[in-house]
Amino acid sequence: MIAEASAQSDEQLLAGCRRGDEGAWEALVLRYQRLIYAIPRRAGLDEDAAAEIFQDVFATLLESIETIEQPSRLQAWLVTTAKRKTWRTVGRAKSLRPFASEEGEGADEMYDLADEGLLPDEALTRLEEQHLVRAALAELGERCRALLQMLFYAAEPPPYSEIAAALGTSEGSIGPTRARCLKKLLDALKKKGFS
Amino acid sequence: MRLTPGHIPFTRLADLAEGRLSPEEAAEERAHLADCKTCSAQAAQLGHLAALMRADASEDAPAELVASAVRMFRARRVQDGQPGLLRRLVAALTFDSSSLQPAFGVRSGQAAPARQMLFSAGDLDVDLRLAPGGEGWTVSGQVLGPCKGGEVELVGADGATAARATLNELCEFTLLPPTPDGTYSLRLRMDSAEVEIPELSLRA
């Protein structure tokens, strides 16, 4: 995983971007690149379509950089933007006839309710939670990060003997280390508002 | 069989979440969880966390895609006609005469020629000449592209303005007074945009 580079909050990075600080923009892109890419991919779009949406979302962010009203809600803004662009892409591909809502919103804003199944809110919440867990993981030391990554992110977690060899520790220490790292992760998540 | 009543140790809950317990052991712990709110809350939390991590099938976006998004910042545009919004651009170096081979026949003792640098920011180019002199460096230049006039200043690391100038009708300028050696940022303020050259090193 591309490691999270900046310890600054979204608000601080946004303020940096508004001051013309290129490093702040780079930090924002690195922070959210995986989450933004995951959204169209989760909706079943291929790499090319996902790449277009990715570019579109960040270009839109850049255009709106001065006017984003709630900097503390940047993540929500990004997710919503990515979701809508994904819907729009899928809607065009399926040539669905959109219908206008009762309130008279623009016709291209609403889609057949059956399409909700493509990217339901639960799926998006899950993606955001996973983003949060990865961010918290990046805050733990290298040892915890490596251990938890091997235990929980690998398709086939290796046996403790292999993990011990990879980390250069004894097999017997894996269990307690893992418990300590999980506790640290839960604490870090609590600080980020994860329930 | 649990010999002593009480809470399930965290390590054991971690084993459960990790799936390291045998079906019998797992069943035994789950039986206790049914009776204990504290343990079941902790187990649920760990279980949810483990499930999230296990199900994380995301990948980093391709490196070139990420790099391309990062590069957007330099070339950014704000919608035309929006009042009060200014383009703020950071200029990139596109030419530096000091990176060329020294000219043949330049003997020591001759005055060093002015260093010429060219910066680009969106559709603007800034042509700079850095001339060393007895009193310090004289930075002069011209803004090329959509420029109707403006102000320019050289700001020191301490944030104080070391030299300033107003652009003439050809958008040329000479920053005064001459400035001592150091690292400065050059800031151009025009109607349409603000351009910054963040690290201008004035040194022989």
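Residues numbered from 1 in each chain as written. Chains lettered and ligands numbered in written order. Predicted model: local features only at pLDDT ≥ 70, side-chain atom pairs only at ≥ 80, totals over all residues.

A. Summary view of the overall build of chain B. Tallying secondary structure elements over chain B gives four helices and 10 strands in all. The N-to-C order of helical and strand elements in chain B reads α-α-α-α-β-β-β-β-β-β-β-β-β-β. Expressed as a percentage of the 204 residues in chain B, the buried residues total 26%. For chain B, restricting intrachain contacts to residue pairs at least 6 apart in sequence, the fraction spanning at least 24 positions comes to 48%. (Helix = DSSP H or I, 4+ residues; strand = E, 2+ residues; numbered from the N terminus. Buried ≥ 20, exposed ≤ 12 C-beta atoms within 10 Å, placed from the backbone. Contact = placed C-beta atoms within 7 Å.)

B. Here's a closer look at the sheet that holds strand E6 (residues 150–156) of chain B. Residue and element names in this part refer to chain B. Read across the sheet, five strands follow the order E1-E10-E9-E6-E7 without closing on themselves; strand pairing throughout is mixed. The strands lining the two open edges of the sheet, one partner per strand, are strand E1 (87–90) and strand E7 (161–166). Neighbour to neighbour, the strand axes of the sheet diverge by 20° on average, direction disregarded. (Pairing = 2+ DSSP bridges. Axes fitted to C-alpha atoms, helices over the stretch in contact; angles between N-to-C directions.)

C. Quick peek at the pairing of strand E10 (residues 193–202) of chain B. All names here are of chain B. Here four bridges tie E1 to E10, and the two strands are oriented parallel to one another. Looking at E10, one finds that Val90 is bridged to Glu196. Summarising the sheet, strand E9 (residues 182–190) and E10 pair through seven bridges and their orientation is antiparallel. For Tyr184, the partnering residue across the bridge sits in E10 and is Leu200. Between E9 and E10, which pair antiparallel in sequence order, lie two residues.

D. Here's a closer look at helix H3 (residues 37–54) of chain B. If you check H3(B), its first and last C-alpha atoms are 25 Å apart, about what 18 residues at 1.5 Å a residue would give, namely 26 Å. Regarding H3(B), the residues found buried are Cys39(B), Ala43(B), Leu46(B) and Leu49(B). Looking straight down H3(B), one finds its buried side chains confined to an arc of 130°; they lie on one side. Away from its buried face, by an angle of more than 90 degrees, H3(B) presents the exposed residues Lys37(B) and Ala41(B). Buried residues in H3(B) make contact with helix H5 (121–139) and helix H8 (171–191) of chain A together with helix H1 (10–18) and helix H2 (23–35) of chain B. (Expected span 1.5 Å × (residues − 1). Arc of directions from axis to C-beta.)

E. Representation of unusual backbone geometry in the model. Residues and elements named next belong to chain B. Omega for the peptide link from Leu176 to Pro177 comes to 0°, which places this bond in the cis form. Among the secondary structure elements, Pro177 is positioned in the loop between strand E8 (172–174) and E9. A positive phi is found at Cys171, a non-glycine position, where the angle reads about 60°. Mapped onto the elements, Cys171 comes out in the loop between E7 and E8.

F. Up close: the packing of helix H1 (residues 10–18) of chain A against helix H2 (residues 22–42) of chain A. Residues and elements named next belong to chain A. The N-to-C vectors of H1 and H2 enclose an angle of 135°; their axes lie 7 Å apart at closest approach. Taken together, H1 and H2 sit at an angle that is classed as oblique. Seen along the crossing, H1 lies across H2 with a hand that is left-handed. In this structure, H1 contributes Leu13, Gly16 and Cys17 to the contact, and H2 contributes Ala24, Trp25, Ala27 and Leu28. In terms of residue class, the contact of H1 with H2 is built from six nonpolar, one polar and no charged. (Parallel < 35°, antiparallel > 145°, perpendicular 65-115°, else oblique. Left-handed = near helix turned anticlockwise from the far one by under 90°. Nonpolar A, V, L, I, M, F, W, Y, C, P; charged D, E, K, R; others polar.)

G. Up close: H5(A). Helix length check: H5(A) (19 residues) gives 27 Å between terminal C-alpha atoms against 27 Å at 1.5 Å per residue, within 8%. Residues of H5(A) that are buried: Leu127(A), His131(A), Val133(A), Arg134(A), Ala136(A) and Leu137(A). At its buried positions, H5(A) is contacted by H2, helix H6 (142–153) and H8 of chain A together with H3 of chain B.

H. Quick look at the environment of Asp10(A). Residue and element names in this part refer to chain A. Position of Asp10 among the secondary structure elements: in helix H1. When the 20 C-beta atoms within 10 Å are taken as the criterion, Asp10 is described as buried. Ignoring anything within four residues of it in the chain, the contact list for Asp10 reads Pro71, Ser72, Leu74 and Gln75.

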